[in-house]
Amino acid sequence: MENKKFYLTTAIAYTSSKPHIGNVYEAILADAIVRYKKKDGYDTFFMTGTDEHGQKIQQKAEALGITPKQHVDNVSNEIKATDKLMNIEYDKFIRTTDDYHMAEVADAFEKLYKKGDIYKGAYKGLYCVACESYFTEKDLVDGKCPDCGGPVEEASEEAYFLKLTPYQPRLIEHIKKHPEFIQPESRKNEMLNNFLANPLPDLCVSRTSYTWGIPVKFDKKHVTYVWIDALMNYITGIGYHVNKDSEPEFKKYWPADVHLIGKDILRFHTIYWPIILMALGVELPKQVFGHPWVLTNHNKMSKSKGNVIYADDLVAQFGVDAVRYYCLHEIPFAADGNLTYELVCERTNSDLANTYGNLVSRTIAMCKKYFGDEAICKADTVYNENEENAEHALLSAIDEACKKYHILMDEFKVADGLEEAMKMLRAANKYIDETAPWVLAKDESKKAVLKNVLYNLLEAIRIGSVLLEPAIPASAKKVYEALHTQHISFSDLQFGKMESYNVSSIDVLFQRLDVNKVMEDVLKKEEAKKEVTAKVSSNPQKPEITIDDFDKLDLVMGEIISAEKHPKADKLLVFKVNIGGEVRQIVSGIAKWYKPEDTIGKKVVVVRNLKPVKLRGVESQGMLLCASDALDENLELVTSNLNPGDIVR
Ligand SMILES: [Zn+2]
């Protein structure tokens with residue numbers, strides 16, 4: 001028997017910050033491909049994870065005042081939560097801080113050093129002292145550090161290097177002999193012509209300028225620099241051992257059938273990674289697939305541009321399956337795709353609500369209306385020409401969709417595969433219009449024809465749902481339940497597999513959305529977010545003070561004895577406050593939150609030793625303490641039940 005195994009990996013996400021929908025797209029695509037392979041009878045293994053070492057992570061953690069481990073725990077958990085939200089069913093989530101991974105990487109480094117593939121040299125680069133980072137000429141922005149804009153200087157430090165040239169001819173030969181190795185194929189030529197045409201420079205594989213990494217066993221002041229650490233996850237995650245027999249899982253699943261990665265990191269996966277594997281004496285993966293990007297308004301998403309769209313926000317608006325479907329249907333195989341709220345809304349309406357959802361709810365409603373609990377099965381009858389043609393068209397559409405879908409999905413052309421399913425469902429809706437079941441229902445002699453029409457539609461729905469399931473698993477499952485069918489694998493795809501149907505009613509699968517309302521809602525949420533961000537960033541934590549600094553403040557309890565509007569300023573109120581044997585006049589900008597009369601009798605905290613000032617012509621001798629949220633939507637005077645003149649400290 002042929003060994004039908006399928007091992008897919010995604011790139012491991014760098015744990016610097018929360019992933020946006022463009023990052024999550026890779027996991028959605030991977031999940032859909034694996035679900036497809038599973039339905040096609042493969043024994044699948046799907047691995048994803050996080051890349052957790054490096055200087056940037058160390059620096060970010062320092063800036064947050066937490067340890068690097070705490071930081072990567074947080075981000076890793078956030079990524080796992082997003083995967084869960086998006087219904088991503090991986091078999092293994094590897095973290096490069098996992099013990100077993102770190103041990104194997106350290107062993108591999110040592111093995112390659114002993115073999116002579118790794119040697120000690122000096123790393124030269126342009127160094128930014130403030131960022132403690134090296135850059136290349138290409139990285140610089142106007143000759144300055146790309147991160148902080150500060151000056152850079154030529155510097156050098158001791159480092160280990162991996163020789164690439166000894167393996168270069170073998171790699172070139174491999175790429176030429178295996179056209180499927182680099183996909184899409186256009187990228188193959190880019191690698192051969194741009195990067196492999198000249199001798200490869202040796203690859204720097206260690207650093208001494210930071211400590212958050214896997215230590216080099218025989219030279220502890222070095223940590224492993226990204227490549228060997230990150231890339232080796234693909235084999236350590238399934239039980240590869242450098243110095244002893246590997247685990248059964250590795251023997252079963254390696255070589256990987258596909259490394260699914262973003263097109264921007266194709267070079268590392270098709271040059272560095274194969275050479276590391278050759279040096280270790282491990283077989284090469286069968287394929288590296290560089291998927292395109294998800295753009296928004298045709299631009300790359302980036303925090304600095306402020307155009308980042310997050311998966312959880314999209315899901316809150318449209319639901320998990322609609323977001324999955326959009327990403328998979330709209331991002332072409334080899335070209336970047338575009339995502340905006342409007343586009344997701346339109347696609348959800350046209351494909352999921354109007355075509356799929358509507359077909360399901362209409363058909364099930366008609367079954368119930370015309371036949372009640374009677375089983376819907378194929379009945380013997382004679383068709384007229386119109387009925388004959390319509391059925392023929394539907395059956396051909398189903399047949400064609402199934403055939404094309406398989407071919408396209410096997411090439412990971414998921415968008416095109418889904419479109420084939422959608423074409424077939426559109427044909428089913430057309431079949432309803434052509435056969436007009438509501439007319440047939442009025443004619444007792446057409447009862448068998450009507451039953452056949454409904455049976456044909458239920459089969460179209462069943463088959464269409466099986467084809468869509470890798471993209472919209474939760475919705476497909478609801479439909480299977482309503483149809484009471486277990487015939488949901490690809491071997492069940494032929495028309496007529498279900499002998500008869502007893503259907504249950506079903507809730508609306510996808511609500512039709514009003515684009516204008518959705519956009520109004522989205523804009524409102526975005527405004528609120530921007531305001532919070534602006535407030536938070538305009539109100540950063542203040543510098544540290546000593547207890548002596550704090551002691552300079554003279555805080556006492558006061559009781560408001562009168563309050564009125566400021567004669568000239570709408571935002572201000574003028575209070576008379578008894579602070580124990582003395583009454584102060586205090587002007588405060590809280591008119592938005594308090595009516596003057598509601599404040600009388602409140603016992604509040606007063607800053608007694610604040611230098612008096614005139615506010616729009618009215619003298620203020622002190623200040624009232626308030627607490628507020630980031631947006632200043634809620635603000636309250638700080639109060640206590642103690643008496644005027646009592647000390648606050
Ligand atoms: Zn810098």
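Fair warning: this is a prediction, and the values are worked out from it, not measured in the lab. (Residues numbered from 1 in each chain as written. Predicted model: local features only at pLDDT ≥ 70, side-chain atom pairs only at ≥ 80, totals over all residues.)

Our next topic: the overall build of the protein. The helix and strand tally for the protein stands at 21 helices and 28 strands. Compactness check: the protein gives a C-alpha radius of gyration of 33 Å against a globular reference of 26 Å for 649 residues, more than 25% above the reference. Dimensions along the principal axes, computed over C-alpha positions, put the protein at roughly 105 × 80 × 40 Å. With 649 residues in all, the protein has 39% of them scored as buried. Long-range contacts, defined here as pairs at least 24 residues apart, represent 70% of the contacts in the protein between residues at least 6 apart. (Helix = DSSP H or I, 4+ residues; strand = E, 2+ residues; numbered from the N terminus. Rg over C-alpha atoms; globule rule 2.2 N^0.38 Å. Buried ≥ 20, exposed ≤ 12 C-beta atoms within 10 Å, placed from the backbone. Contact = placed C-beta atoms within 7 Å.)

Further remarks concern the sheet that holds strand β6 (residues 133-135). Across a sheet, strands are paired by hydrogen bonds formed along the backbone, either parallel or antiparallel in direction. Spatially, four strands are ordered β6-β5-β7-β9 in an open sheet, and the strand pairing comes out antiparallel. This sheet does not close on itself; its edge strands, each paired only once, are β6 and β9 (203-204). Inspection of the sheet shows strand β5 (residues 118-128) paired to strand β7 (residues 153-162) by ten bridges, in the antiparallel sense. Considered in β7, the bridge of Gly121 is made with Ala159. (Pairing = 2+ DSSP bridges.)

Once that is clear, we can look at the sheet that holds strand β15 (residues 299-300). One open sheet holds the three strands; their spatial order is β15-β14-β16, and the pairing between them is mixed. At either end of the open sheet lies a strand with only one pairing partner, and these are β15 and β16 (337-338).

With that settled, consider the domain arrangement of the protein. For the protein, the domain assignment lists domain 1 (340-501) and domain 2 (547-648). Each of domain 1 and domain 2 has a C-alpha centre, and these two points are 70 Å apart. (Domains from an automatic or database assignment.)

Next up on the list: helix α4 (residues 99-115). When the terminal C-alpha atoms of α4 are compared, their 24 Å separation across 17 residues agrees well with the 24 Å that a helix rising 1.5 Å per residue should span. Buried within α4 we find His101, Glu104, Val105, Ala108, Phe109, Leu112 and Tyr113. Gly116 sits one or two residues past α4 and shows a positive phi near 95°. (Expected span 1.5 Å × (residues − 1).)

Remark: helix α11 (residues 311-318) packs on helix α12 (residues 320-330), axes separated minimally by 7 Å, with the N-to-C direction vectors making an angle of 115°. Note on packing geometry: the crossing formed by α11 with α12 is right-handed. Between α11 and α12, the residues in contact are Ala311, Leu314, Val315 and Phe318 and Val320, Ala322 and Val323, respectively. For the contact of α11 with α12, the class distribution of residues is seven nonpolar, no polar and no charged. (Axes fitted to C-alpha atoms, helices over the stretch in contact; angles between N-to-C directions. Left-handed = near helix turned anticlockwise from the far one by under 90°. Nonpolar A, V, L, I, M, F, W, Y, C, P; charged D, E, K, R; others polar.)

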